[in-house]
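# Residue-level structure breakdown
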Amino acid sequence: MMKIMIVDDEVIIRTGLATVIKWDELGLTFLEPAASAEEAMERIPVEQPDILLTDIRMTGKTGLQLAEEAREILPSLDIIILTGYDDFSYTQQAIRQGINDYLLKTSRPDDIIRTVLRAKQRLEEKSHQHNQEQLARRNHLLEKWIIHGEPIQEQNELEELQLLNPDSQAQQILGYQVWMITGSGWNESPKKEKLLSFAIENICRELLQCETFIQQERVIVLMPVPHMQDERERELKLRRNEQAVMKIKSMLRCQLNVTIGQLVHNKVHLHDSYKSALHIEPYHRLINDSITRYDDMLLRAGAPTTCTAGHEHQLITILLEDDPLSLKTWVNDYIQQHLAHPQFTLDSLEAAMQHVVTIVNQWLTRAQQAIDRASLYPLSILFRYSREMEPSVCLFQYIHSVMKMYHHQLASSTISHVQKAKSFIESNAELDLNLQQVANRIHIHPSHLSELFKKETGMTFSDYITQQRMKRAAQLLSTTRLKVGEIANHVGYTDVKYFSQLFKKDTGITPSEYREMTYQ
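These numbers were taken from a predicted model, which means no experiment stands behind them.

## Regarding the pairing of strand S4 (residues 78-83)
- The element S4 is largely enclosed, with a buried count of 6 among its 6 residues.
- Residues Asp78, Ile80 and Leu82 line one face of S4 and the alternating positions Ile79, Ile81 and Thr83 line the opposite face, and both faces are buried.
- For the crossover that starts at strand S3 (residues 51-55), traverses helix H3 (residues 63-73) and ends in the parallel S4, the hand is right-handed.
- The pairing of S4 with strand S5 (residues 101-104) spans 4 bridges and is classified as parallel. Residue leucine 82 lies in a different strand from S5, and its bridge partner there is leucine 103.

In structure tokens:
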């Protein structure tokens, strides 16, 4: 409670003010009145009043002199002058000295109460403003240090951040971690999100012995890690802290994600812990777990980053059929299969997506070359992905744009039936195609297509398919470590011996000899 001291050399005034007004009901602690300015000055440094109600004329020092000297000790002291002299010159001097209010001794108790309550309100507003300024200053310093990694060297800044000051428990702390906590589920509006962040921060301060501040709707927690001889006991303590934080979900009825950065043994390295937490934050959108720990993610080896031949065949078929719904299903299944792997990492996910992009680009290149349209359109569309994006949406949008490009070109009336057939064959060389399938795809009778094909290419339809398969096999032999049998199967042959005979007939050497000569 705020404290008020009355200073007056008239005992009747001191006694009257002490008894007439019920100070405790005003939320004030009433200090023993002082009979003079000299007595008040002896007691002020010890009793630290918040409000000083003093007579302006007293034996010895005046109330104005008392006010001036008291302010040197307590700059925030709210001073009310009480006088029996309705003299404007006193009022002017009081104003010049920064006196907060002015009362006549003839004022009724109600007037005195209102004046004192105004003083109390002024002090509360100043205190609130001061606290807000201190909080903003502290948060600015923490953000400068933790978020941006700028060293804090000024002594006054170090003093403001008590976190950096040595304490009695220094020998009991193993290190520190940055926890990033984000909440959602109250409302989509920025105002509600900000309010939720404040609520989370306040509860964290109550539940845990930690420092906190808010940065971009995230609650940043600087968590001390205790030093314990028993590693299991320390781990148990950390898990209890995690459980305490997760209680906030039920308390605030919100969703909560907690990202825990790496352990650092020195406070000055907390920026490194923040960076590690920021690095793994995207995992929250990808895994079904409210708590993500840097140490756990660091141990992951990564999931396989290439899709199977079966997946590739499915994708190419979908591209050729111009089927967006099947494409979306394929992409979702592919991404979810990768995320379901217990060792997947953000890097392996990106590599797996890039592998699909490469497959699609190669398919588009072959298809464009077959219809002689590579000069009209780029051979690839730039794939852009950042970890803030939804991977399945990003990959689908990219592949869909490639698919649309291909079918836009193929729909051109200036492209001959043979070119369309060649495009279909070259972009689908892995499948076991026949004349009927290709003719159906380009809406022409098989016999007519066979005649046109022989006339324009100088070779039969069957020979052209074999040629494209051998070309694809040669590419796989020179760029992969797949076994010859796997490559044969990949380009549509179950009989490895027959495949090898056809390959030698086309190139003059066996598949193994070709690999020896060309593998990079």
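## A short note on the packing of helix H7 (residues 190-207) against helix H8 (residues 231-252)
- Where H7 meets H8, the axes come as close as 10 Å, and the angle between the chain directions of the two elements is 135°. The angle between the axes of H7 and H8 places the two elements in the oblique class. Where H7 crosses over H8, the handedness of that crossing is right-handed. In this structure, H7 uses Leu196, Ala199, Ile200, Ile203, Cys204 and Leu207 to contact H8, whose residues at the interface are Ala244, Ile248, Met251 and Leu252.
- Here the residues of the contact of H7 with H8 are counted per class, giving 10 nonpolar, no polar and no charged.

## Topic: the packing of helix H5 (residues 109-147) against helix H9 (residues 270-280)
- Two numbers describe how H5 lies on H9: the axes approach to 7 Å, and their chain directions differ by 75°. When the interaxial angle is binned, H5 and H9 end up roughly perpendicular. Residues Trp145, Ile146 and Ile147 of H5 touch H9, and the partners they reach there are Leu270, His271 and Tyr274.
- Here the contact of H5 with H9 is composed, by residue class, of 5 nonpolar, 1 polar and no charged.

## Here we look at the packing of aromatic side chains
- Inspection of every chain in the model, using the stated rule, returns 10 aromatic pairs.
- Ring geometry for phenylalanine 453 versus tyrosine 464: centroids 5.1 Å apart, planes at 70°, classification edge-to-face. Here tyrosine 464 lies in helix H18 (residues 461-479) and phenylalanine 453 lies in helix H17 (residues 446-457), a separation of 11 residues in the sequence.
- Centre to centre, the rings of tyrosine 493 and tyrosine 498 are 6.1 Å apart; their planes meet at 65°, and the pair counts as edge-to-face.
- On the basis of relative accessibility, which here comes to 9%, the residue tyrosine 493 falls in the buried class.
- The structure contains a cluster of three or more aromatic residues connected by ring pairs, namely Tyr493, Tyr498, Phe499, Phe503 and Tyr514.
- Between arginine 469 and the ring centre of tyrosine 493, over which it is positioned, the NZ or CZ distance is 5.2 Å.

## Quick look at unusual backbone geometry
- Within the chain, glutamine 216 stands out as a residue other than glycine whose phi angle is a positive 55°.
- For glutamine 216, the location among the structural elements is in the loop between strand S7 (211-215) and strand S8 (218-226).
- Assessed through its relative accessible area of 61%, glutamine 216 is described here as exposed.
- Of note in the backbone geometry, glutamate 217 takes a positive phi value of approximately 65° without being a glycine.

## Some details on the state of the cysteines
- Under the counting rule described, the total for this entry stands at 0 disulfides.
- Not part of a disulfide, cysteine 210 finds its nearest cysteine sulfur in cysteine 204, a span of 6.0 Å.
- Overall, cysteine 210 belongs to the buried group, its relative accessible area being 14%.

## Thoughts on the side chain of arginine 293
- Examined against the element boundaries, arginine 293 turns out to sit in strand S10 (residues 291-293).
- Under the relative-accessibility criterion, arginine 293 is labelled buried at 18%.
- Side chain to side chain, arginine 293 and glutamate 242 meet in a polar contact 2.7 Å long.
- Apart from the residues lying within four places of it in its own chain, the contact partners of arginine 293 are Arg239, Glu242, Ile260 and Ile280.

## Describing the sheet that holds strand S6 (residues 173-184)
- Across the sheet, which stays open at both edges, the 5 strands sit in the order S7-S8-S6-S9-S10 with mixed pairing between neighbours. Pairing within the sheet leaves two strands with one partner each, and these edge strands are S7 and S10. Neighbour-to-neighbour, the strand axes of the sheet open up by a mean angle of 20°, direction not taken into account.
- Across the sheet, H9 touches S6, S7, S8, strand S9 (255-260) and S10, and the angle it forms with S6 is around 40°.

Rules used throughout
Residues numbered from 1 in each chain as written. Predicted model: local features only at pLDDT ≥ 70, side-chain atom pairs only at ≥ 80, totals over all residues. Heavy atoms only, no water. Buried < 20%, exposed > 50% of the residue type's maximum accessible area, 1.4 Å probe, protein only. Helix = DSSP H or I, 4+ residues; strand = E, 2+ residues; numbered from the N terminus. Right-handed = clockwise from strand over helix to strand, strands pointing away. Pairing = 2+ DSSP bridges. Axes fitted to C-alpha atoms, helices over the stretch in contact; angles between N-to-C directions. Parallel < 35°, antiparallel > 145°, perpendicular 65-115°, else oblique. Left-handed = near helix turned anticlockwise from the far one by under 90°. Contact = heavy atoms within 4.5 Å. Nonpolar A, V, L, I, M, F, W, Y, C, P; charged D, E, K, R; others polar. Phe/Tyr/Trp six-rings, centres within 6.5 Å; stacked < 30°, edge-to-face > 60°. Lys NZ or Arg CZ within 6 Å of the ring centre and 35° of its normal. Disulfide = S-S within 2.5 Å. Polar contact = N/O pair within 3.5 Å; in protein donor to acceptor, adjacent residues only side chain to side chain.

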